[in-house]
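# Inside the fold
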Amino acid sequence: NDNVIDIPSLQWYPGHMRKAERLVKENLKLVDVVVELLDARIPMSSANPVLREIVGDKPRVIVLNKADLADEAATRAWVKYFAAGGISAVPVDAVKGRGVKELVQAIAKCAKPKTDKLVQHGAKARAARCMILGIPNVGKSSLINRLSGGAKTKVENRPGVTRAKQWIRLGAQLELLDMPGILWPKFEDRQAALHLAFTGAINDNVYDVASVVLLLLDTLRTKYPVYLKDRYRLEGEVPSGVELLEEIGRKRGCLRAGGRVDDEKAQQIVLTDFRCGRLGCVTLDALPSKDSAEDTR
Ligand code: GDP
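Notes on the structure follow.

Cut-offs and rules
- Residues numbered from 1 in each chain as written.
- Predicted model: local features only at pLDDT ≥ 70, side-chain atom pairs only at ≥ 80, totals over all residues.
- Heavy atoms only, no water.
- Salt bridge = Lys/Arg side-chain N within 4 Å of Asp/Glu carboxyl O.
- Buried < 20%, exposed > 50% of the residue type's maximum accessible area, 1.4 Å probe, protein only.
- Phe/Tyr/Trp six-rings, centres within 6.5 Å; stacked < 30°, edge-to-face > 60°.
- Lys NZ or Arg CZ within 6 Å of the ring centre and 35° of its normal.
- Core = buried A, V, L, I, M, F, W, Y, C linked by side-chain atoms within 4.5 Å.
- Near = heavy atom within 4 Å.
- Polar contact = N/O pair within 3.5 Å; in protein donor to acceptor, adjacent residues only side chain to side chain.
- Areas by Shrake-Rupley, 256 points an atom, 1.4 Å probe, with all protein chains shown as cover.
- Helix = DSSP H or I, 4+ residues; strand = E, 2+ residues; numbered from the N terminus.
- Nonpolar A, V, L, I, M, F, W, Y, C, P; charged D, E, K, R; others polar.
- Pairing = 2+ DSSP bridges.

### Quick notes on the pattern of salt bridges
- For the coordinates displayed, the defined rule picks out 15 salt bridges.
- Note that Asp39 and Arg41 form a salt bridge whose closest N and O atoms lie 2.7 Å from each other. For the pair Asp39 and Arg41, a shared accessibility class is recorded, and that class is buried.
- Put simply, Arg231, Arg252, Asp273 and Arg278 are held in one network by salt bridges that share partners.

Structure, rendered in structure tokens:
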């Protein structure tokens, strides 16, 4: 099981990481607040491992995106967890727009001390500026699209800003950089890498799909057996391992000539059902224990 995910074949090599980090740092200078997108199903696994080093003490708001796919009670617990560390986290569905209004309010609130201070020091009042940051596929573009929302919200190009960066106005007090910062996920942490594979955050061709699906089924069987029973109409106790996969294959009619289960087809069904939320609303990352809370933010 240890080699399920082939880390060296991932697209992020050290050179890419340094470049990503440099780009984010360049843009960071332009903003007052960073909006960190996490996947609500895996708030820890979808975090960048060195984000705090990169953003320093820049004020930060967390978006628990894809909240429509996550376990609501778990999302509430994660919001509380971040609040205990002094960070507002807002559950959002960037596709449907749920939570977006609350997010704009949270960003404005987070930016206020900074903009108030500027004014106190004699500067002209200006809108607070923010940028969106997150790993690939977490929903950065979807959120930017949602926030710009078709309305004429573009701000004129600002002199001195390289490559004529575009800003999107969010209400009267806020402007968002129309260019997300992309960071790499926690490939090195095996559990995180698995959760990223389950949710589709990393490309399916860099890991062994058969093993990953068995591990996903095992996780679901432990944490959400009822979802498996309901979705695939399983009777009695939910079997484990390949037996479970084959049972799902039979229920869904994934059969080869001669009546044998087509494992590959069954694997794809499980992955797609899980990722689209058809199995139910699932959160995979448990809250960290109290002792390690400081390390994970
Ligand atoms: P980016 O790489 O961070 O810019 O991610 P995208 O915005 O391209 O989103 C990646 C995928 O996730 C797309 O298929 C989106 O439709 C989907 N997605 C983004 N946000 C949400 C969300 O809140 N809920 C759901 N269900 N899907 C989302």
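### Some words on the packing of aromatic side chains
- In this structure the tally under the stated criterion is four aromatic pairs.
- Through successive ring pairs, a cluster of aromatic residues spans Trp78, Tyr81 and Phe82.
- When the ring centre of Trp167 is taken as origin, the NZ or CZ atom of Arg129, which lies over that ring, is 5.9 Å away.

### Some thoughts on the nonpolar core
- Counting residues in each nonpolar core, the largest one holds 60 residues, and the members touching the most others are Leu103, Leu143 and Leu228.
- One finds Met17, Ala20, Leu133 and Trp167 within the second-largest nonpolar core, a separate group that totals 15 residues.

### What about the site of the ligand?
- Taken together, 16 residues sit near the ligand, with Asp68, Ala94, Lys140, Ser141 and Ser142 positioned nearest.
- With respect to the ligand, the side chain of Lys66 contributes an N or O atom lying 3.1 Å from an oxygen atom.
- Between an oxygen atom of the ligand and a main-chain N or O atom of Asn137, the distance comes to 2.8 Å.
- Relative to its unbound accessible area of 580 Å², the ligand is 70% covered by the protein chains.
- In terms of residues, the shell around the ligand owes the most to one element, helix 5 (residues 140–148), which gives three residues.
- The residue makeup of the shell around the ligand, split by class, is seven nonpolar, five polar and four charged.

### Quick word on the pairing of strand 4 (residues 128–134)
- The element strand 4 is extensively covered by neighbouring structure, given that seven of its seven residues are classed as buried.
- Going residue by residue along strand 4, you find Ala128, Cys130, Ile132 and Gly134 tucked away on one face and Arg129, Met131 and Leu133 tucked away on the opposite face as well.
- In terms of strand pairing, strand 1 (residues 33–39) meets strand 4 through four bridges, oriented parallel. Bridging across to strand 4, Glu36 finds its partner in Leu133.
- Where strand 4 meets strand 7 (residues 174–177), three bridges bridge the pair, whose relative direction is parallel. Pairing of Cys130 across the sheet is with Leu176, part of strand 7.
- Inspection of the sheet shows strand 4 paired to strand 8 (residues 181–182) by two bridges, in the parallel sense. The partner of Leu133 across the bridge, within strand 8, is Gly181.

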